[in-house]
Amino acid sequence: MALTGCSWLFLSAAFLSAGAEISITPEPAQPAEGDNVTLTVHGLSGEVLAYNWYAGPTLSLTYLVASYIVSTGDETPGPAHTGREAVRPDGGLDIRGALPGHSGTYILQTLNRQLQTDVGYGHVQVYEILAQPVVTANNTALVERRDTLRLACSSPSPAEVRWFFNGEALPIAIRLGQSPDGRVLTRHGVRREEAGAYQCEVWNPVSVSRSEPVNLTVYYGPERVAILQDSTTRTGCTIKLDFNTSLTLWCVSQSCPEPEYVWAFNGRALKNGQDHLNITSMTAAQEGTYTCIAKNPKTLLSGSASVVVKLSAAAVVMTIVPVPARPMEGQDVTLTVQGYPKDLLVYAWYRGPASEPGRLLSQLPSGNWIAGPAHTGREVGFANCSLLVQKLNLTDAGRYTLKTVTLQGKTETLEVELQVAPLE
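Before going into details, it helps to say that this report is about the structure given with it. (Residues numbered from 1 in each chain as written. Predicted model: local features only at pLDDT ≥ 70, side-chain atom pairs only at ≥ 80, totals over all residues. Heavy atoms only, no water.)

## A few points about the overall build of the protein chain
Next, step 1: The helix and strand tally for the protein chain stands at 2 helices and 35 strands.
Next, step 2: For 424 residues, the compact-globule estimate of 2.2 N^0.38 gives 22 Å, and the C-alpha radius of gyration of the protein chain, at 48 Å, exceeds that figure by more than 25%.
Next, step 3: Relative to its full complement of 424 residues, the protein chain shows a buried share of 41%.
Next, step 4: Surface accessibility of the protein chain: about 22,200 Å² in total, with carbon and sulfur atoms responsible for 53%.
Next, step 5: Each charge class in the protein chain was averaged separately, 31 positive and 38 negative side chains, and the resulting centres sit 13 Å apart. (Helix = DSSP H or I, 4+ residues; strand = E, 2+ residues; numbered from the N terminus. Rg over C-alpha atoms; globule rule 2.2 N^0.38 Å. Buried < 20%, exposed > 50% of the residue type's maximum accessible area, 1.4 Å probe, protein only. Areas by Shrake-Rupley, 256 points an atom, 1.4 Å probe, with all protein chains shown as cover. Lys, Arg positive; Asp, Glu negative; His and termini not counted. Charge placed at Lys NZ, Arg CZ, Asp CG, Glu CD.)

Now the structure itself:
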């Protein structure tokens, strides 16, 4: 039987399908645009006389790609032919340099020698090679907790979208602000931790493309304004400075951008716009309160810190004076301490050198004193470091040692020689 393309089209509408199970699979399974694709046919049975290929959901002339007569090898293009399709002798369909527009449902209709038609269905998805997307921001410099961040990922392709922050997958806290399609990112009351580089990436099974980064700056502060001594040492409320010595005060804070600084002395502004202030050749005229004010020009917020600078008190020499100066046997004597440290933490008295076996007593920070190995029961300690020795005997004469420790850990040792006069 010889068939023409026109008679084949007419006959295809006149006979019912014999119901053979024909299937169609694309090779490769996930083609990229530009690939050569073959729609391979499985399940053909009997002697096939002709093929009709359709690119559409129904057997309609509008969707006809091509008709093919097996015996002659003649192929007739249809209305849906794009110039890239060719029917194979085994019934398959080649698509050269496939484009995304070739995606969709394909139908193969066959005619056998008994003039029966069979139909098989398949689907092909040709994936686009994605162009680089672009991220746009409503603003790239925002104020913390005040402004809203909006980022949009623009891409001409309907591909999947994912976001990256500083090269890593977007944190969940920020990801919660994504639109349903994932292309718009909104963050109300932006935080400082969210400053950095944002990128979006579009992808499909055969192509991935990531945008250039958009860098976000978040302004905040100043917070935790403090004054440091010599750039690293945190000061207390008061700094004591020796006469004619120098000092540098540093103002630090947590702020973006770096704040503007204003220094004041006893409430009067100084001509100094730097983050540090030098005090040279300390005198009584420079005693007072120094204040640093940090101002952020972007957030319009400010913060301050103050410190009091004073001259150190003149050094006091600690001395021990026995009272009475030359006690007699049987008398009491007080080894009176003058100029003892005002920031005293603990002290200890020793008989002889400052060693544990010779310790008479120690005073604890609580103010109570405890006896040592050399205590005879006649020694009593006082808060001012003085030591009372009762009912002296001649063996009590000799050297006594006082050891003091201040709150700052400064240790000082002082000795005194006690003389005891015998009874006449």
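So that's the structure; there's more coming.
## Quick notes on the state of the cysteines
Next, step 1: Counted under the stated rule, the structure contains 2 disulfides.
Next, step 2: Covalent S-S linkage joins Cys-153 and Cys-200, the inter-sulfur distance amounting to 2.0 Å. Looking down the S-S bond of the Cys-153 and Cys-200 bridge, the torsion is 65°, so its handedness is right-handed. Taken together, the residues Cys-153 in strand E12 (residues 149–154) and Cys-200 in strand E16 (residues 196–204) connect sequence positions 47 residues apart. Accessibility classification places Cys-153 together with Cys-200 in one group, the buried group.
Next, step 3: When the bonded cysteines of the protein chain are numbered from the N-terminus onward, they pair as 1-2, 3-4.
Next, step 4: No disulfide involves Cys-237; its nearest neighbouring cysteine sulfur is the one of Cys-251, lying 15 Å away.
Next, step 5: Under the relative-accessibility criterion, Cys-237 is labelled exposed at 66%. (Disulfide = S-S within 2.5 Å.)

Shape descriptors only; they carry no functional weight alone.
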